[in-house]
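Residues per chain are reported as follows:
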2 protein chains.
Amino acid sequence: MAHRPLIAPSILSADFARLGEEIQVVAGQGDTRADWVHVDVMDAHFVPNLTLGLPVVQSLLKVTDLPLDCHLMIENPDRWAIGYAEAGAYNVTVHAEAAKDPVKIAKDLRAAGAKAGLSIKPGTPLEDHLEVLKHYDTLLVMSVEPGFGGQSFIADVLGKVRAARRLVDTGHLNVLVEIDGGINAETIEQAAEAGVDCFVAGSAVYGAADPGKAVAALRDLAAQAQH
Amino acid sequence: MAHRPLIAPSILSADFARLGEEIQVVAGQGDTRADWVHVDVMDAHFVPNLTLGLPVVQSLLKVTDLPLDCHLMIENPDRWAIGYAEAGAYNVTVHAEAAKDPVKIAKDLRAAGAKAGLSIKPGTPLEDHLEVLKHYDTLLVMSVEPGFGGQSFIADVLGKVRAARRLVDTGHLNVLVEIDGGINAETIEQAAEAGVDCFVAGSAVYGAADPGKAVAALRDLAAQAQH
């Protein structure tokens, strides 16, 4: 890996009554500053939960300069993903299991100025989506079943992380490898060893007494495990 | 009408980055205090927009003692409505066009301690749902097509308001009549004359320089138009 680990706190574990402030808590200076803010968009159809959508993302974009990493756990991303890119999200991730024309989605997202992300659920094979991934900037490997925060890490998915890492390091794929689900001080090192570049962390950040310090501590752990 | 008009500001027009504060703005004392806070839940399936869901409502319930009026513009309310009642919403409204077993929904909502609301879109006839409405506490007449804030009032729906008012005043129905869509200082009087009890107002409240004063002014206009 060429860069320091990226930490993306997930506001799924934050206080929805004051999201702007909750983002400010991880927007400090130096090591306590998050790299991205992960936004979990759920539609009660692709996953059994309804969280927040574009109007909320638009409000958040007005109050932070941190890059928003929008994870669309929704059906029909072919219709909806572009709106998040046009609004100004930094990275827009759709699910491989939901996308009808993922290559077109990636092209449209990039044309709108966003990075394009493709996510796979724990049971979805990586190899089924390798061709499509050539059009994407990020690969988000889910390490829990998407839908809710606070779940336990599924270590089995690290096989997919290792496979993706090899493909990236050998020049066969050009994506940033991101992981989401159950990442905390106990699990981040094995994910970093397997080759993850960007770590989504929800309760491990927002459940901490000092979320900024938690960001710094998680990044340290990941950086040490990489070497 | 036996009671003073109720004003329910809709947070669809508020700043989603600081919803707790936005609710506080209409939670003052006296006439500037909202009666209910209207929460627009949209799932990108029943309507072409995705706003917010139960996790956000749960956060809001922790920061306000104003009654939350949750308007579920979602598919399959048979599955999801009960969660809002169990969380502590004051009134939970489902759409007649989406509910598979609206009588069961109403019974479940009431058993969970909430008021049960039934909403009809502008094109949905009232008479198709009169039997079901006997199980409900509120009737929400949509005066715009649901999905977005800031739309213009559809005066045609006032015929349904008048019909519902007559049924209530003659003892054939026992619901509070609520209206949602395009309600502002220009339209609230005709709605009040037609017999509305509770007025949802989004941009007319949150777009005002002083949202609390806007609540008081709207309630005054409605009260004068009733007599």
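Predicted, not measured: the structure shown is a model, and the values here were computed from it.

Visitor: I keep staring at the interface of chain A and chain B and nothing clicks. Help me out?
Guide: How big an interface is tends to be stated in terms of the accessible area lost upon association of its parts. Each side of the interface is counted separately: chain A has 29 residues, and chain B has 29 residues. Regarding the contact of chain A and chain B, the summed buried area is about 2,000 Å², with carbon and sulfur atoms giving 64% of it. Among the residues of chain A in contact with chain B, F16(A), A17(A) and L50(A) are the three that bury the most area, contributing 30% of the side total. Seen at the junction of chain A and chain B, the total is zero salt bridges. Elements supplying a minimum of two residues to the side of chain A that touches chain B: α1 (19-24), β2 (37-42), α2 (54-63) and α3 (77-87) of chain A. Each residue belonging to the side of chain A that touches chain B can be placed in one class, and the counts come to 17 nonpolar, six polar and six charged.

Visitor: Would you mind going over the pattern of salt bridges with me for this structure?
Guide: Any two side chains of opposite charge can pair, given that their charged atoms come close. Applying the stated criterion across every chain, the model contains 22 salt bridges over all chains. Between R165(B) and D169(B) there is a salt bridge whose closest N-O contact spans 3.4 Å. Linking R165(B) with D169(B), this pair stays in helix α6 (residues 158-169), spanning four residues, or about one helical turn. Since its relative accessible area comes to 10%, R165(B) is described here as buried. Beyond isolated ion pairs, a larger network of salt bridges with shared partners links D15(A), R18(A), E21(A) and E22(A).

Visitor: Is there a simple way to think about the side chain of D69(B) in this case?
Guide: All names here are of chain B. Here D69 is to be found in strand β3 (residues 68-73). This buried residue, D69, is left without a salt bridge; K115 holds the nearest opposite charge, at 11 Å. One polar contact links D69 to H38, side chain to side chain, over a distance of 2.8 Å. At 2.8 Å, the side chain of D69 and the side chain of N91 are in polar contact.

Visitor: Help me out: how do you make sense of the sheet that holds strand β6 (residues 138-142) of chain A in this one?
Guide: Pairing between sheet strands relies on hydrogen bonds along the backbone, with the strands arranged either parallel or antiparallel. Residue and element names in this part refer to chain A. Pairing is parallel in the open sheet, where eight strands are placed in the order β1-β8-β7-β6-β5-β4-β3-β2. The two strands at the open ends of the sheet, each matched to only one other strand, are β1 (6-9) and β2. Across the sheet, the axes of successive neighbouring strands diverge by a mean angle of 25°, strand direction being ignored. Pairing geometry for β1 and strand β8 (residues 198-201), over four bridges, is parallel.

Visitor: Got a minute to help me understand empty space enclosed by the protein in this structure?
Guide: Gaps left between atoms are located by rolling a probe of water-molecule size over the structure's atoms. Under the definition given, this model contains one cavity of 30 Å³ or more. Within this model, the largest cavity holds a volume of roughly 40 Å³. Looking at the lining of the largest cavity residue by residue, the classes come out as eight nonpolar, no polar and no charged.

Visitor: I'm lost on the UniProt feature "binding site: substrate" (unreviewed entry) in chain A in this one. Help?
Guide: Residues and elements named next belong to chain A. Residues given the UniProt feature "binding site: substrate" (unreviewed entry) here are S10, H71, G147, F148, G149, G150, D180, G181, G182, G202 and S203. Position of S10 relative to the elements: it lies in the loop between β1 and α1. Tracing the chain through its elements places F148 in the loop between β6 and α6 (158-169). Looking at F148, the relative accessible area reads 45%, which means it is partly exposed. Ignoring anything within four residues of it in the chain, the contact list for F148 reads L12, M42, P48 and N49.

Each value, and the rule that gives it
Residues numbered from 1 in each chain as written. Chains lettered and ligands numbered in written order. Predicted model: local features only at pLDDT ≥ 70, side-chain atom pairs only at ≥ 80, totals over all residues. Heavy atoms only, no water. Contact = heavy atoms within 4.5 Å. Buried area = accessible area lost by both parts, 1.4 Å probe. Salt bridge = Lys/Arg side-chain N within 4 Å of Asp/Glu carboxyl O. Helix = DSSP H or I, 4+ residues; strand = E, 2+ residues; numbered from the N terminus. Nonpolar A, V, L, I, M, F, W, Y, C, P; charged D, E, K, R; others polar. Buried < 20%, exposed > 50% of the residue type's maximum accessible area, 1.4 Å probe, protein only. Lys, Arg positive; Asp, Glu negative; His and termini not counted. Polar contact = N/O pair within 3.5 Å; in protein donor to acceptor, adjacent residues only side chain to side chain. Pairing = 2+ DSSP bridges. Axes fitted to C-alpha atoms, helices over the stretch in contact; angles between N-to-C directions. 1 Å grid on protein atoms, 1.4 Å probe; cavity = no way out; pocket = protein on both sides within 12 Å on 5 of 7 lines; lining within 4 Å. Points joined across faces, edges and corners; volume = space filled by probe spheres on them. UniProt positions renumbered as here; feature names shortened; annotations may be inferred.

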